[in-house]
Amino acid sequence: MANRFILNEVSYFGPGARKELPSVVARLGFKKALVVTDKGLIKFGVAKQVTDVMDESGIAYEIFSDVKPNPTVTNVKDGIEACKKAEADFIVAIGGGSAMDTAKGIGIVIRNPEFADIVSLEGVADTKNKSLPIIALPTTAGTAAETTINYVIIDETRQAKMVCVDPNDIPCVAIIDAELMYSLPKSLTAATGMDAMTHAIEGLITKAAWELSDMFEIKAIEMIYRYLPIAVDEPTNPVGRDGMAVAQYVAGMAFSNVGLGVDHGMAHPLSALFDIPHGVACAMLLPTVMRFNAPAAKAKYVDIAKACGVYKDGMTVDEAADAACEAIADLSRRVGIPEHLTELGITEKDIDALADQAIADVCTPGNPREVTRDDIVALYKQIL
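Residues numbered from 1 in each chain as written. Predicted model: local features only at pLDDT ≥ 70, side-chain atom pairs only at ≥ 80, totals over all residues. Heavy atoms only, no water.

A. Examining the sheet that holds strand β4 (residues 90-95) more closely. The six strands lie next to each other as β1-β9-β6-β4-β2-β3, forming an open sheet whose pairing is parallel. The strands lining the two open edges of the sheet, one partner per strand, are β1 (10-13) and β3 (60-64). Strand-to-strand twist across the sheet, computed as the mean angle between neighbouring axes with direction ignored, equals 15 degrees. Here strand β2 (residues 32-36) runs beside β4; their pairing, made up of four bridges, is parallel. Paired with Val36 across the two strands is Ala93, which belongs to β4. Strand contacts of helix α1 (residues 21-28): β1, β4, β6 (134-138) and β9 (173-176), with the helix running at about 175 degrees to β9, the strand carrying the most contacts. (Pairing = 2+ DSSP bridges. Helix = DSSP H or I, 4+ residues; strand = E, 2+ residues; numbered from the N terminus. Axes fitted to C-alpha atoms, helices over the stretch in contact; angles between N-to-C directions. Contact = heavy atoms within 4.5 Å.)

B. Quick look at the pairing of strand β7 (residues 150-155). Judged by how many residues are buried, β7 sits mostly within the fold: six of six residues are covered. The two faces of β7 match: Asn150, Val152 and Ile154 on one face and Tyr151, Ile153 and Asp155 on the other face are all buried. Relative to strand β8 (residues 160-165), β7 runs antiparallel, the two being bridged by six bridges. Its bridge partner being in β8, Tyr151 is matched across the sheet by Cys164. Linking β7 to β8, which pair antiparallel, is a turn of four residues; within it Gln159 sits at a positive phi near 50 degrees. (Buried < 20%, exposed > 50% of the residue type's maximum accessible area, 1.4 Å probe, protein only.)

C. How the structure looks around the packing of aromatic side chains. The full count for this structure, using the stated rule, is four aromatic pairs. Relative to Phe216, the ring of Phe5 has its centre 5.9 Å away and its plane inclined at 20 degrees; by these criteria the two rings are stacked. Here Phe5 is found in the segment before β1, whereas its partner Phe216 is found in helix α7 (residues 211-233), with 211 residues between them in sequence. A relative accessible area of 23% means that Phe5 is categorised as partly exposed. Ring plane angle 20 degrees and centroid distance 4.6 Å describe the contact between Phe30 and Phe90, whose orientation is recorded as stacked. Note that Phe30 is positioned in the loop between α1 and β2 and Phe90 in strand β4, a separation of 60 residues in sequence. A residue is classified by how much of its surface remains accessible, and Phe30, at 15% relative accessible area, is buried. Assessed through its relative accessible area of 0%, Phe90 is described here as buried. A connected cluster of aromatic rings, assembled from ring pairs, spans Phe5, Trp210 and Phe216. Across the ring face of Tyr311, the terminal group of Lys306 is positioned such that the distance to the ring centre comes to 5.0 Å. (Phe/Tyr/Trp six-rings, centres within 6.5 Å; stacked < 30°, edge-to-face > 60°. Lys NZ or Arg CZ within 6 Å of the ring centre and 35° of its normal.)

D. Summary view of the environment of Ala26. Turning to its location among the elements, Ala26 is positioned in helix α1. Judged by relative accessible area, which is 60%, Ala26 ranks as exposed. Separated by 33 residues in sequence, Ala26 and Ile59 have C-alpha atoms that sit 9.2 Å apart.

Pasting the structure below:
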């Protein structure tokens, strides 16, 4: 069986990289953009850092900002109508995973109108045409949606997260500008950063992982472990911010192509049913899920221990695996991630509904250790 690897056509990196946008638009011959972002990024002037560049170079655009933190089918449908009304021939997505995912849904349906009900995009959709071109500028260092073939939309009717996987949705250009992340609050910096760590670890140990993906994920773990505390403690330090901006992208390059595991399978219903931010959900679960998966991935856990700098000569594989798990748990605590579901209002009576969705989630089958519904119930209870 062949291993497939899909990446952006072009990516730009570095503080101030957004200034490359006019030359990108000119090179591609685009005429008018739909800017997809959220109201918070407009309010705090983050989106303006990009639209100012567009204004200065005379790029025509209209703004669609009705994007929720956990975007819904309705968000996407509204965005499609806004895109049609604007007569846009490309999309500029400014934001975290929510804006990126909404933009992907819009772009796919514009070019594949037979999927206009949105819910038919769940899973691996058989779209025929590439998305309306998307230029993606992330404002968080976590989801790596600017370089993945995945997007997640909530179906309000079922109160379920739809994970959509489609090579046609990957942005044609990604612009990774750490200056767009400087104003991100500490709590969101921590949550999105630990989401990136979850991507890197799950991508490293998932069933489909192979040498090329391992190379990216090991480097991403090393970088996130080094740079996340700096980004959290010193929000305007370019070393931490740019390090995390690149690290989350590196993680995304790989997990997009090899998949994830039960941590994401369990995190998705926490967001769908309780509107918990995705990064917080992933991070809360990660140390516990890592310990559950250790028997099936001990050799990879040695790599994790080495990437985090906690491996010591003479360690057994079991000792290295324990050190890896504890290093990630320590990092999670250090950056202030909540440790218990009850802190977020979830009780034991909610676990059955969570487990029903988690066992059916598209990410769960990629887990390196076979997992049952009973296992998932037990894992939720461990962090209750």
